[in-house]
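Per-entry structural report
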Amino acid sequence: MITDLLPLLRQVKSSRAGQWMAACPAHHDRHPSLSLRLLADGRVLIKCWADCAVQDIVAAMGLDMRVLFPPTREWTFPKRNTLPQWRIQALRDMVQLERLILILFRARVGRGILSTAADRKRVLQAISRLELLAEHGVTL
Ligand SMILES: [Zn+2]
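All of these numbers come straight from a predicted model, not from anything done at the bench. (Residues numbered from 1 in each chain as written. Predicted model: local features only at pLDDT ≥ 70, side-chain atom pairs only at ≥ 80, totals over all residues. Heavy atoms only, no water.)

Below, the discussion takes up the overall build of the chain. Tallying secondary structure elements over the chain gives four helices and four strands in all. Helices and strands appear in the chain in the N-to-C order α-β-β-β-β-α-α-α. Against the compact-globule benchmark of 14 Å for 140 residues, the chain has a radius of gyration of 25 Å, which places it well outside the compact range. The principal-axis extents of the C-alpha atoms in the chain amount to approximately 70 × 40 × 20 Å. (Helix = DSSP H or I, 4+ residues; strand = E, 2+ residues; numbered from the N terminus. Rg over C-alpha atoms; globule rule 2.2 N^0.38 Å.)

The structure is reproduced here in structure tokens:
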């Protein structure tokens, strides 16, 4: 994010809204030759007019390329109290289904039926969904 970058640079000047010039940390830069631009989606474009590679510039600040992208949005449920009743019912049905998947899996393992990679993946998915639902107060 731009707010992680700017404090680490020297001679930062804003040329216009969402645009800055700064001393490039990747080469001996006497006159600011690094331009930064914040895009509407949160990405940051950086360019050194002395042609330093973008990777070298972020590495010189002890960062990696992720700093140029906005934080990824995790998939989240809306808060339970903001949900309509039918939606809560749908989530409860989902809890039931995910639990059923776990019960069936346990029963099969108990009978010595070997699980496949796809089974295990689905079980992990069921567990994380149940955890997410529980975090949001949706249980049976
Ligand atoms: Zn440079």
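Another point: the nonpolar core. A general trend in soluble globular proteins is that nonpolar side chains are found buried together. Leu 5, Leu 34, Leu 36, Val 44, Ile 46, Ile 57 and Leu 68 are the most contacted members of the largest nonpolar core, which has 18 residues in total. Contributions of two or more residues to this core are made by α1 (2-5), β2 (19-23), β3 (34-38), β4 (44-48) and α2 (54-60). Top contributing element to this core by residue count: β4, with three residues. Apart from residues no more than four positions distant in its own chain, Leu 36 is found in contact with Ile 2, Leu 5, Leu 6, Leu 9, Gly 18, Gln 19, Trp 20, Ala 22, Val 44, Leu 45 and Ile 46. Residues Leu 91, Ile 101, Ala 126 and Leu 130 belong to the second largest nonpolar core, which totals 10 residues. (Core = buried A, V, L, I, M, F, W, Y, C linked by side-chain atoms within 4.5 Å. Buried < 20%, exposed > 50% of the residue type's maximum accessible area, 1.4 Å probe, protein only. Contact = heavy atoms within 4.5 Å.)

A few words now on the coordination of the zinc ion. Looking at the zinc ion, the protein donor atoms are Cys 24 (SG), His 27 (ND1), Cys 48 (SG) and Cys 52 (SG), and they sit 2.0 to 2.3 Å from it. In this structure, the zinc ion is surrounded by four donor atoms whose angles at the metal cover 101 to 116 degrees, and the resulting shape is tetrahedral. Each donor residue of the zinc ion belongs to the same chain, with the gaps between them written as C-x2-H-x20-C-x3-C. Of this pair, Cys 24 sits in the loop between β2 and β3 while Cys 52 sits in the loop between β4 and α2, placing them 28 residues apart in sequence. Taken individually, Cys 24 and Cys 52 each receive the classification buried, so the pair is uniform in this respect. (Donors = N, O, S within 2.8 Å, 3.2 Å for Na, K, Ca; no water. Tetrahedral: all angles 85-135°; square planar, octahedral: opposite > 155°, others 65-115°.)

What follows covers the sheet that holds β3. Strand order in the open sheet formed by four strands is β1-β2-β3-β4, and the pairing between neighbours is antiparallel. Of all the strands in the sheet, the pair left with one neighbour each is β1 (10-16) and β4. Taken pair by pair, the neighbouring strands of this sheet meet at an average axis angle of 20 degrees, ignoring direction. As paired elements, β2 and β3 share four bridges and run antiparallel to each other. For Ala 22, the partnering residue across the bridge sits in β3 and is Leu 34. (Pairing = 2+ DSSP bridges. Axes fitted to C-alpha atoms, helices over the stretch in contact; angles between N-to-C directions.)

Below, the discussion takes up a nonpolar patch on the surface. A cluster of nonpolar side chains, namely Leu 97, Leu 100 and Leu 104, defines an oily patch on the protein surface of about 280 Å² accessible area. Locating Leu 97 in the fold gives a position in helix α3 (residues 85-110). (Patch = residues over 30% accessible without salt bridge, like charges linked within 9 Å, V, L, I, M, F, W, Y side chains within 5 Å. Areas by Shrake-Rupley, 256 points an atom, 1.4 Å probe, with all protein chains shown as cover. Salt bridge = Lys/Arg side-chain N within 4 Å of Asp/Glu carboxyl O.)

Pairing analysis gives five bridges linking β3 to β4, with the strands arranged antiparallel. By the bridge assignment for β4, Leu 38 is matched with Val 44. Here β3 hands over to β4 after five residues, with Gly 42 in that stretch at a positive phi of 100 degrees.

Our next topic: the packing of aromatic side chains. Inspection of every chain in the model, using the stated rule, returns zero aromatic pairs. Sitting over the face of the ring of Trp 49, Lys 47 holds its NZ or CZ atom 4.8 Å from the ring centroid. (Phe/Tyr/Trp six-rings, centres within 6.5 Å; stacked < 30°, edge-to-face > 60°. Lys NZ or Arg CZ within 6 Å of the ring centre and 35° of its normal.)

Take the domain arrangement of the chain next. Splitting the chain by domain gives domain 1 (2-68) and domain 2 (80-135). Averaged C-alpha coordinates put domain 1 and domain 2 at centres separated by 45 Å. (Domains from an automatic or database assignment.)

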